[in-house]
Amino acid sequence: MAGGAARFFKIFSKNIKEIRGPAPYTVNGLEVICVHCRYDRFEHGFAQLNTAFLSFLNLDFANRSANTLTCGRCGYVHWFNKEVKRGRV
Ligand SMILES: [Zn+2]
């Protein structure tokens, strides 16, 4: 019984990892390929392009965020100032 539960959770966590793990992305209709190692799966993140100075002046509307795609293999960070889409073309 306990072994069955452990097995279930192992499969469950594996699926979660696949859902949340590195995935293919497209930008501007093109599949993103790592410029360093040619890998095609990435972790999506955001990076603020803001400055502490603008925040200090309460001008956060002037701040923008960029999309970052971190290569799932070599870790190279790709920056995009456009929308990135999860999945292949
Ligand atoms: Zn890479």
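Model, not experiment: these values are computed from the prediction.

*Asks:* Where do I start with the overall build of the chain in this structure?
*Replies:* Across its full length, the chain holds two helices and six strands. Listed by position from the N terminus, the elements making up the chain come as α-β-β-β-α-β-β-β. Out of the 89 residues in the chain, the part that is buried amounts to 6%. Summarising the internal contacts of the chain: among those between residues at least 6 apart in sequence, 51% fall at separations of at least 24.

*Asks:* What exactly am I supposed to notice about the nonpolar core here?
*Replies:* Side chains of a nonpolar character, in soluble globular proteins, are inclined to be buried together. Counting residues in hydrophobic clusters, the biggest one holds five residues: Tyr25, Val32, Phe42, Leu69 and Cys71. Dropping the residues within four chain positions of it, Phe42 is found in contact with Pro22, Ala23, Tyr25, Val32, Leu69, Thr70, Cys71 and Gly72.

*Asks:* Looking at this structure, I do not really get the sheet that holds strand E2 (residues 30–31). What am I missing?
*Replies:* In any sheet, the strands associate via hydrogen bonds between backbone groups, in a parallel or an antiparallel arrangement. Strand order in this open sheet of three strands is E2-E1-E6, and the pairing throughout is antiparallel. Edge positions in the open sheet fall to E2 and strand E6 (84–86), since each of these has one partner strand only.

The rules behind these values
- Residues numbered from 1 in each chain as written.
- Predicted model: local features only at pLDDT ≥ 70, side-chain atom pairs only at ≥ 80, totals over all residues.
- Helix = DSSP H or I, 4+ residues; strand = E, 2+ residues; numbered from the N terminus.
- Buried ≥ 20, exposed ≤ 12 C-beta atoms within 10 Å, placed from the backbone.
- Contact = placed C-beta atoms within 7 Å.
- Core = buried A, V, L, I, M, F, W, Y, C linked by C-beta atoms within 7 Å.
- Pairing = 2+ DSSP bridges.

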